[in-house]
Amino acid sequence: MSAPREQFGSKLGFILAAAGSAVGIGNMVGFPVAATKNGGGAFLLIYAIFVLVICLPVMLAEMAVGRHSQKDPLGAYNKLSGGAAGWRLAGWLSIITPFMIAVFYMVITVWIFGYLFHSVTGDLNMLADPSTFGSFINSPSVFIFLGIVTALVYLILLGGVQEGIEKAAKLLMPTLFFMLIGMVIFVLTLDNAFAGVEYYLIPDFSKITASTVSSALSQAFFSLSLGMGIMITYGSYLNRSNGVPGAAKMVALTDTAVAFIAGLMIIPAVFSFNPDTNTSELSDSSVSLIFSFLPKIFLALQATIGYLGASIVASVFFLLVFFAAITSLVSILEVPNAALMDERDMTRKSSLMVLGVAMLVLALVSITSFGMVDFFTQFVGYAGQSKSFFDVLVDVFYDTILPFNGFLICIFVIYRWKKANFNAELDHGEPSYEGSFFEKYVDFSVGTFIPVILLLIFINTVALKFFGQGLIG
Ligand code: PHE
């Protein structure tokens with residue numbers, strides 16, 4: 001007999017851990033960038049609708065499958081489908097996807113940690129130099145930072161569900177929230193900050209196109225940590241007396257609120273730096289925003305608050321993003337970890353060992369694929385472009401697979417596991433859900449238009465990414 005399954009200590013612990021997973025780099029920078037480029041308030045509105053109408057039901061599907069099966073995603077698909085080979089494949093996909101996303105997310109977290117280190121040690125003027133990012137990512141110091149971040153994540157995971165994951169979330173999430181609020185208050189006192197607030201909040205519906213709509217959905221899906229097996233795994237650690245729908249709502253609300261507030265920190269800071277900012281200057285990607293654009297803005301603060309003050313602001317910012325990233329990394333690595341423990345009967349320690357080695361190897365390959373090693377830098381070519389190993393991970397796992405995994409879980413829950421079982425699971429621990437309008441909506445949507453939309457997004461992304469030709473937008 002193996003040991004009884006680990007569990008979160010309380011519903012609050014579960015909500016904080018799941019919100020810790022959801023709140024990540026995507027909220028802190030991805031969302032503000034996407035919102036400013038895509039019509040401000042108009043994007044916010046579409047995003048909020050997607051969270052409510054599409055993502056929340058998918059989150060319920062994942063959590064219900066996890067809590068009912070008390071298994072990792074591979075085991076869950078297997079158990080609830082009676083071992084059907086096709087569904088096993090879906091299970092595998094929800095183990096491989098998080099593992100691969102963890103690799104590239106680890107690389108970005110390592111860079112964030114590096115920038116945090118340099119802000120704290122007084123090198124802000126170096127970070128603000130436009131050539132720094134390129135040289136930093138190819139410098140030997142990234143290996144040291146990789147070692148530190150890996151050790152930290154593994155220590156948390158080694159602590160287990162209650163003593164590791166839950167404790168870390170209980171400490172990091174409230175701290176993150178207070179730092180974020182502090183930063184927003186500070187940024188709003190800067191000159192011209194309100195031009196940024198206006199820009200962020202006033203809707204410009206003319207910027208809304210088919211591709212904006214599809215990117216809002218992808219952003220929401222990623223931000224809520226869906227399609228990665230995380231909510232299945234965390235759900236499997238939830239005691240059946242704790243209600244799922246209420247918890248899922250809290251997670252979605254927290255994640256969306258944090259993304260929204262992060263926008264109130266970033267956009268006004270950008271506008272106070274340059275009141276005439278137009279969005280085409282706002283970097284295309286989150287990566288260039290964090291590592292090239294923001295350090296410049298922080299350094300410019302020295303005119304008003306001195307170099308030390310500017311360095312403190314930069315340090316708080318990077319610490320904030322680092323905390324957000326760590327709780328996400330922990331959650332995503334717990335998925336393959338749970339699979340090794342459940343499916344191979346390994347202890348947490350030995351499973352983390354295996355995973356750690358595999359993870360480090362792939363992280364090293366990714367980290368050297370920005371120029372250090374030619375083979376990984378020019379790894380493959382498609383859609384007329386040469387792609388590094390890192391690019392491939394981003395294109396395949398981050399950009400493409402998530403909606404497909406979402407499609408699979410919807411079909412699975414309604415047509416294989418069956419609606420009645422799904423509902424019974426959600427009613428358990430939350431009797432008021434039974435027969436509610438929300439229940440009817442979730443049932444209907446998960447069985448009909450949600451999977452259709454997710455499949456369309458998947459097909460469009462494949463066409464766009466790999467064949468250079470989108471179907472919409
Ligand atoms: N929700 C996370 C974010 O917004 C996405 C994520 C979760 C990525 C877990 C990796 C691991 O950044």
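Here's a quick rundown of the structure. (Residues numbered from 1 in each chain as written. Predicted model: local features only at pLDDT ≥ 70, side-chain atom pairs only at ≥ 80, totals over all residues. Heavy atoms only, no water.)

1. So, helix 5 (residues 85-120)
We count it as follows: The secondary structure listing takes helices from DSSP runs of H or I that are at least 4 residues long and strands from runs of E that are at least 2 residues long, numbered from the N terminus. Any helix carries an expected span of 1.5 Å times its number of residues minus one.
End to end, helix 5 covers 52 Å across 36 residues, agreeing with the expected 52 Å (1.5 Å per residue, within 8%). Of the residues one or two after helix 5, G122 is the one with positive phi, at around 85°.

2. Comments concerning the site of the ligand
The condition is simple: Being near a molecule or strand, for a residue, means having at least one of its heavy atoms within 4 Å of it. Whenever two N or O atoms come within 3.5 Å, that pair is a polar contact, provided that in protein one can donate a hydrogen and the other can accept it, and provided that, for residues adjacent in sequence, both atoms are side-chain atoms. Computed by Shrake-Rupley with a 1.4 Å probe, the accessible areas treat only the displayed protein chains as cover when residues are assessed. Under the grouping applied here, Gly and all other residues not named as nonpolar or charged are polar, the nonpolar ones being Ala, Val, Leu, Ile, Met, Phe, Trp, Tyr, Cys and Pro and the charged ones Asp, Glu, Lys and Arg.
Around the ligand there are 15 residues in total, and A22, I25, G26, Y105 and S223 lie nearest to it. Take N27: an N or O atom from its side chain is 3.2 Å from an oxygen atom of the ligand. Within the backbone of S223, an N or O atom sits 2.9 Å from a nitrogen atom of the ligand. Within the complex, 100% of the 320 Å² of free accessible area of the ligand lies under protein. Class assignment for the residues of the shell around the ligand results in seven nonpolar, eight polar and no charged.

3. Points about a nonpolar patch on the surface
Just so we agree on the cut-off: Surface patches are drawn from residues lacking salt bridges whose relative accessible area is over 30%; two like charges belong together within 9 Å, two nonpolar side chains (Val, Leu, Ile, Met, Phe, Trp, Tyr) within 5 Å. A pairing counts as a salt bridge when a side-chain nitrogen of Lys or Arg comes within 4 Å of a carboxyl oxygen of Asp or Glu. Exposed residues in this analysis have more than 50% of their type's maximum accessible area, buried residues have under 20%, and partly exposed residues fall in between, with area computed by a 1.4 Å probe over protein chains only.
Taken together, the side chains of L45, I49 and F205 define a hydrophobic patch exposed on the protein surface, amounting to about 300 Å² of accessible area. Mapped onto the elements of the fold, L45 is located in helix 3 (residues 41-69). Looking at L45, the relative accessible area reads 47%, which means it is partly exposed.

4. Some points on the pattern of salt bridges
Any two side chains of opposite charge can pair, on the condition that their charged atoms come close. One pass over the structure, following the stated rule, counts 11 salt bridges. R348 serves as the salt-bridge partner of E6, at 3.0 Å between the closest nitrogen and oxygen. Here E6, found in the segment before helix 1 (11-22), pairs with R348, found in helix 16 (residues 348-367); they are 342 residues apart in sequence, far enough to count as distant. Accessibility expressed as a relative area gives 29% for E6, which makes it partly exposed. Here R348 falls in the buried class, since its relative accessible area comes to 11%. Note that E163 and K167 form a salt bridge whose closest N and O atoms lie 2.7 Å from each other. Residue E163 and its partner K167 are both found in helix 9 (residues 160-188); the two are separated by four residues, about one turn of the helix. The exposure class assigned to E163 is partly exposed, which follows from its relative accessible area of 47%. For K167, a relative accessible area of 49% gives the class partly exposed. Each of the salt bridges in this network shares a partner with another, and the network as a whole consists of K387, D395, D399 and K465.

5. Topic: the side chain of N423
Here N423 shows up in helix 18 (residues 389-427). Among the polar contacts listed, one links the side chain of N423 to the side chain of D443, at a separation of 2.9 Å.

In short, shape yes, function no, at least from these values alone.
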